[in-house]
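One-letter residues, chain by chain:
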Amino acid sequence: MMKIKKYASVAMAGIMTASLLTSSAFALDLEVRGGQSSETCFTYETDNKAWAHLINPYNKVSLYNPPNAKMIADDTKDLIVQFTVSGVQEEFTVFPGFQVYGDDEEAGEELSIWSQSDYEEVAGSEYTYKIDQDGSYELVIPFRALADGAVDQGSIDFWGDNLDKVGIIELCFSNVGNDDMTGFKHEGFSVEFTGIVESNVSRSVAECAFNGGEPVKFYDESQSGAGEEQTDEPADTDAPDGQEENTADAADNNAATEGEAVNTTAQAGSSSSSESNPAVIIIIVCVCVVVIAAVVVIVVKKKKN
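Cut-offs and rules
- Residues numbered from 1 in each chain as written.
- Predicted model: local features only at pLDDT ≥ 70, side-chain atom pairs only at ≥ 80, totals over all residues.
- Heavy atoms only, no water.
- Helix = DSSP H or I, 4+ residues; strand = E, 2+ residues; numbered from the N terminus.
- Contact = heavy atoms within 4.5 Å.
- Areas by Shrake-Rupley, 256 points an atom, 1.4 Å probe, with all protein chains shown as cover.
- Salt bridge = Lys/Arg side-chain N within 4 Å of Asp/Glu carboxyl O.
- Axes fitted to C-alpha atoms, helices over the stretch in contact; angles between N-to-C directions.
- Parallel < 35°, antiparallel > 145°, perpendicular 65-115°, else oblique.
- Nonpolar A, V, L, I, M, F, W, Y, C, P; charged D, E, K, R; others polar.
- Buried < 20%, exposed > 50% of the residue type's maximum accessible area, 1.4 Å probe, protein only.
- Pairing = 2+ DSSP bridges.
- Polar contact = N/O pair within 3.5 Å; in protein donor to acceptor, adjacent residues only side chain to side chain.
- Lys, Arg positive; Asp, Glu negative; His and termini not counted.

### Considerations on the overall build of the protein chain
Next, step 1: Secondary structure assignment for the protein chain yields 7 helices and 10 strands.
Next, step 2: Put simply, of all contacts in the protein chain between residues at least 6 apart along the chain, 79% involve residues at least 24 apart.
Next, step 3: Element-wise, carbon and sulfur atoms account for 50% of the exposed surface of the protein chain, whose accessible area totals about 15,500 Å².

Structural data, given as structure tokens:
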């Protein structure tokens, strides 16, 4: 009986180790900087803009300490910022600005995007993400697709296949700041950042678009414990009333970004299937082999006795 317990404990330890390894592949473990919070990481500018400084070693109000290269999974294409908004009284938009580096061994150059004009130049369209109600949101920063576009149009020479290093990540919230540039313009409005998730799925700017309504989900939280796969499928695929009509009208009126946002949100589940991580498969196979071997040893010794 003692031997059986011994082998069972070994098998259980192997399974727990595999679980830890697989879950860490996608959850970016960021440390909050001392004294900072989701509220204090904002600064305010003209035109009612507010910048959320998530990662920025040069800005003392940034929320998270920068991750080192070892913290980022080898097959990370994009990052997904998770946050909750409450007290929404009028719609506003968000787009990400960043400075990151690719994993090209010879020259993983800097990819830097800081304005909607940058998105137009590199991707051919603005980054469309509209919020018009309270809820928990996920916003994808499409590093890989933007890097490919930047290489194609000649602004950088090399980047690589995956994200290697994060320099700065900030989000620009438009139509939320007050005219005095001292805070949010609506009392009770708040934003809470809940984390940043790695994604091994490369999405285009169009696929990252969101046109309001029920919050879209780019990362399946039910998979976070196993970390085996990710999905583009939204939590709620039913479009808000009139949204399909707006898409058709937008196409007729050359408002491509809004129509694109609705279509890509609805098509996200079919346009990109969940990708398996080879490392995860290897780990699971190894654990299964260990468990089977332990069971065989137990059975053989039991027959001998």
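There is more to say after this.
### Topic: the pattern of salt bridges
Next, step 1: This model, assessed by the stated rule, comprises 4 salt bridges.
Next, step 2: One salt bridge connects Glu91 with Lys130, and the closest N-O pair in it is separated by 4.0 Å. Linking Glu91 in the loop between strand 3 (78-86) and strand 4 (92-102) with Lys130 in strand 6 (residues 129-131), this pair joins segments that are 39 residues apart in sequence.
Next, step 3: If you follow the salt bridges from partner to partner, you end up with Arg144, Asp148 and Asp161 in one network.

### Thoughts on the packing of helix 2 (residues 116-123) against helix 3 (residues 143-152)
Next, step 1: Closest axis-to-axis distance for the helix 2/helix 3 pair is 8 Å, and the angle between their directions is 70 degrees. Put simply, helix 2 runs roughly perpendicular to helix 3. Only Leu146, Gly149 and Ala150 of helix 3 make contact with helix 2, whose side of the interface consists of Tyr119, Val122 and Ala123.
Next, step 2: The class makeup of the residues in the contact of helix 2 with helix 3 is 5 nonpolar, 1 polar and no charged.

### Focus: helix 3
Next, step 1: Within the span of helix 3, buried status applies to Phe143, Arg144, Leu146, Ala147, Gly149 and Ala150.
Next, step 2: Once helix 3 finishes, Gly154 follows within two positions and takes phi at roughly 90 degrees, a positive value.

### Structural notes on the sheet that holds strand 7 (residues 135-141)
Next, step 1: Spatial strand order, 7-3-9: 3 strands in an open sheet with antiparallel pairing. On the outer flanks of this sheet lie strand 7 and strand 9 (190-199), each paired with one strand and no other. Recorded for the sheet is a direction-independent mean angle of 20 degrees between the axes of neighbouring strands.
Next, step 2: Bridge count between strand 3 and strand 9: 9 bridges; the pairing is antiparallel.

### Structural notes on the side chain of Asn178
Next, step 1: Examined against the element boundaries, Asn178 turns out to sit in the loop between strand 8 (163-174) and strand 9.
Next, step 2: Polar contacts involving the side chain of Asn178 include one to the main-chain amide nitrogen of Thr182, which spans 2.9 Å.
Next, step 3: When residues no more than four places from it in sequence are discounted, the contact partners of Asn178 are Asn48, Gly183, Phe184 and Lys185.

### Describing the environment of Leu54
Next, step 1: Tracing the sequence through the fold places Leu54 in strand 2 (residues 49-55).
Next, step 2: Distance from Leu54 to Tyr64, taken between C-alpha atoms, is 5.8 Å for residues 10 residues apart in sequence.
Next, step 3: Setting aside chain neighbours within four positions, we find Leu54 in contact with Ser62, Leu63, Tyr64, Val81, Ile169, Glu170, Leu171, Phe193 and Ile196.

### Details of unusual backbone geometry
Next, step 1: Phi is positive for Asn48, which is not a glycine, with a value near 60 degrees.
Next, step 2: Along the chain, Asn48 turns up in the loop between strand 1 (42-45) and strand 2.

### Quick notes on the pairing of strand 4
Next, step 1: Most of strand 4 is tucked away, with 9 of its 11 residues classed as buried.
Next, step 2: Two elements, strand 4 and strand 8, share 10 bridges in a ladder whose sense is antiparallel. Within the sheet, the bridge partner assigned to Val94 lies in strand 8 and is Phe173.
Next, step 3: Examined bridge by bridge, strand 4 and strand 5 (residues 110-113) share 4 bridges and lie antiparallel to one another. Bridging from a neighbouring strand, Phe98 pairs with Ile113 of strand 5.

### A short note on the side chain of Glu138
Next, step 1: By the element assignment, Glu138 lies in strand 7.
Next, step 2: Buried and unpaired, Glu138 has Lys217 as its nearest opposite-charge partner, separated by 4.6 Å.

### Comments concerning the pairing of strand 8
Next, step 1: Within strand 8, 10 of the 12 residues are buried, leaving the element largely enclosed by the surrounding structure.
Next, step 2: Here strand 2 runs beside strand 8; their pairing, made up of 6 bridges, is antiparallel. Each bridged residue has a counterpart across the sheet, and for Ile55 the counterpart in strand 8 is Ile169.

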